[in-house]
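Coordinates in review
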Amino acid sequence: SPVPDRGDAIWNCGNCHRNSYEEWKESRHAVAASSAVTRAVYERDFLPALEAGRAAVEDPTLCTSCHAPQAGAQRLPEVTGVALEGNHCDLCHKVHHVEDLNAPGVRGSLVVTRPDPGDDRVPGPIKRVYGPLADSDYLFMGPAYHPFFTTSALCAGCHQYETPGGLPALNTYAEWLDWSATQPVLQTCQTCHMPQGRSRERDKPARRIAINALRRPPDQIHTHAFEGRELAAGVIRLDLEAGRRDDSLVVTTRLEVRDVGHRVPTGSADKHLLLVVTATGLDGPLVLREGMRLPDHAEFGDSPGREFAQVLADAEGNTHVPFWRAVRLVEDTRLVPGQPVEVRHVFRASERGAMRVRVELIHRLRFKRHDVAGDVTGPGARPLDEMIRASEVEVK
């Protein structure tokens, strides 16, 4: 278990790796198995779809492969014990390599082992876990250097999965492969999601990996907070232009993602972006003449804007469904690194006074119309919407 226990469980990771534990326990990796939202989605949508024969997958224990990988072939509500800690230290640091990218987690993707106790390249008789530091030889812990931990493939075991029907349910690693092939300098998943030098100890940069470890430069220590959506605001550029043209107000919004190795958003197909455009004059909202409106399921009224999403459909033709019910990809309009997108709206201009234009870019975790976890509170529950970019201009 990762949970500190100085009594009977002296080996628990949090006893010595205090900084990493404190960071990890606030992360979504820590609640992967216990999340109230994940449980609600599993029980209210995933299982009913399987039982009604409307699912594109057939295994009711599929989710535990990544959400509770130490649980084995169990349904998510049946998971108990240390497996409830989700994606924790002892599981990740036993991953030797990834075998099959299209298989989820421990169902054929992650190959989990202990280091070879007879490996003379690692000092001492105790060899318990793998890690990315070649000079780590603390005999009580028994770490073994494994270069695989410096690669994005380490994350691919759970962040890449193809359904039996061939749909990319989780395609983050493949997106990263496409992006990295165009980059002059290699950057891995860990570069952004486990950055070095960010771990803190008593309000100062951490200098030790564990309480009894040797001091290191902070840039050798990775944070274990595993930030995700929180990083979106820093990688999306939003530019807004608005001006009169005859009796119209022309609004142009340009979006571009930079310094990110995958589409935005990535991961579950439920995640999407909503661009909300508002134009007002002295007499209230302006009338839209040209341009897209947000779809009805966004529940923003009849607001001008655009949705950026990976849209999946089930066998009955329903769209915006989760991957376990999907049989085809309808469209994928998510933002691609280095590929700017321009969105244009034309309004009837106000005849008097100044006009104001505001655009907001919102990250939404799940499609609202089909959200079966909207009433859920507890571990893993977060606001459905987070505004990650906004801009406003006045036109006279």
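Read on for an overview of the structure. (Residues numbered from 1 in each chain as written. Predicted model: local features only at pLDDT ≥ 70, side-chain atom pairs only at ≥ 80, totals over all residues. Heavy atoms only, no water.)

A word on helix H2 (residues 36-51)
Over its 16 residues, H2 extends 21 Å from the first C-alpha to the last, a length consistent with the 22 Å expected when each residue adds 1.5 Å. For H2, the principal kink sits at tyrosine 42 and spans about 35 degrees. Regarding H2, the residues found buried are Ala36, Val37, Arg39, Ala40, Val41, Tyr42, Asp45, Phe46, Leu47, Ala49 and Leu50. The N-cap of H2, judged by a side-chain oxygen 3.3 Å from the amide nitrogen of valine 37 a few residues on, is serine 35. (Helix = DSSP H or I, 4+ residues; strand = E, 2+ residues; numbered from the N terminus. Expected span 1.5 Å × (residues − 1). Bend = angle between axes of the 7 residues up to and from the residue. Buried < 20%, exposed > 50% of the residue type's maximum accessible area, 1.4 Å probe, protein only. Polar contact = N/O pair within 3.5 Å; in protein donor to acceptor, adjacent residues only side chain to side chain.)

Focus on empty space enclosed by the protein
In this structure the tally under the stated criterion is one cavity of 30 Å³ or more. The space that makes up the largest cavity amounts to roughly 110 Å³. In terms of lining, the largest cavity is formed by Val41, Asp45, Asp270, His320, Pro322, Trp324, Arg325, Arg366, Phe367, His370, Asp371 and Val372. Of the residues contributing to the lining of the largest cavity, the split by class is five nonpolar, two polar and five charged. (1 Å grid on protein atoms, 1.4 Å probe; cavity = no way out; pocket = protein on both sides within 12 Å on 5 of 7 lines; lining within 4 Å. Points joined across faces, edges and corners; volume = space filled by probe spheres on them. Nonpolar A, V, L, I, M, F, W, Y, C, P; charged D, E, K, R; others polar.)

Remarks on the pairing of strand E9 (residues 236-245)
Direction of pairing for E9 relative to strand E10 (residues 248-257): antiparallel, over a ladder of ten bridges. Each residue of the ladder has a partner; that of glycine 243, found in E10, is valine 250. Between the antiparallel neighbours E9 and E10 lie two residues, among them aspartate 246 with a positive phi of about 55 degrees. (Pairing = 2+ DSSP bridges.)

Re the packing of aromatic side chains
For the structure shown, the criterion picks out six aromatic pairs. A ring pair is formed by tyrosine 21 and tryptophan 24, whose centres lie 5.9 Å apart and whose planes are at 35 degrees; its orientation type is tilted. Taken together, the residues tyrosine 21 and tryptophan 24, both in helix H1 (residues 18-25) and three residues apart, mark about one turn of the helix. Here tyrosine 21 falls in the buried class, since its relative accessible area comes to 11%. On the basis of relative accessible area, tryptophan 24 is assigned to the buried category, the value being 5%. For the pair phenylalanine 46 and tryptophan 324, a centre-to-centre distance of 5.7 Å together with 85 degrees between the ring planes defines the contact as edge-to-face. Here phenylalanine 46 is found in helix H2, whereas its partner tryptophan 324 is found in the loop between strand E15 (310-313) and strand E16 (328-332), with 278 residues between them in sequence. Taken as a pair, phenylalanine 46 and tryptophan 324 share a single burial class, namely buried. Ring pairs connect the aromatic residues Tyr42, Phe46, Tyr161, Phe323 and Trp324, which therefore count as one cluster. Positioned over the ring face of tryptophan 11 is arginine 128, at 3.7 Å from the centre of the ring. (Phe/Tyr/Trp six-rings, centres within 6.5 Å; stacked < 30°, edge-to-face > 60°. Lys NZ or Arg CZ within 6 Å of the ring centre and 35° of its normal.)

Some words on H1
Inspection of H1 places Asn19, Ser20, Tyr21, Glu23 and Trp24 among the buried residues, and these make up the whole buried set. Packing partners of the buried residues in H1 comprise strand E7 (200-201). (Contact = heavy atoms within 4.5 Å.)

Concerning the pattern of salt bridges
For side chains bearing opposite charge, pairing can occur when the charged atoms are close. Tallied over the full model, the rule gives 28 salt bridges. Among the salt bridges present, the one from glutamate 342 reaches arginine 254, with a minimum N-O distance of 2.9 Å. Of this pair, glutamate 342 sits in strand E17 (residues 341-348) while arginine 254 sits in strand E10, and the two are 88 residues apart along the sequence. With a relative accessible area of 49%, glutamate 342 lands in the partly exposed category. When the shortest N-O distance is used, the salt bridge between aspartate 371 and arginine 366 registers 2.8 Å. Arginine 366 sits in the buried class, given a relative accessible area of 13%. Residues joined in a network through salt bridges with shared partners are Arg356, Arg358, Glu360, Glu392 and Glu394. (Salt bridge = Lys/Arg side-chain N within 4 Å of Asp/Glu carboxyl O.)

Focus on unusual backbone geometry
Following valine 264, the chain continues to proline 265 via a peptide bond in cis, the omega torsion being -5 degrees. Its place among the elements puts proline 265 in the loop between E10 and strand E11 (272-281). Even without a glycine there, the phi angle at arginine 202 is positive, about 55 degrees. Examined against the element boundaries, arginine 202 turns out to sit in the loop between E7 and strand E8 (204-205). Residue arginine 202 is classed as exposed on the basis of its relative accessible area, which comes to 79%. Its identity is not glycine, yet phenylalanine 226 carries a phi of approximately 50 degrees, on the positive side. On the secondary structure map, phenylalanine 226 appears in the loop between E8 and helix H8 (232-235).

Comments concerning the side chain of aspartate 90
Here aspartate 90 shows up in helix H4 (residues 89-92). Of note is the side chain of aspartate 90, whose polar atom sits 3.5 Å from the side chain of lysine 94. Within the structure, aspartate 90 has its side chain in polar contact with the side chain of arginine 114 (distance 3.1 Å). Excluding residues within four positions of it along the chain, aspartate 90 makes contact with Cys13, Gln70, Arg114 and Val129.

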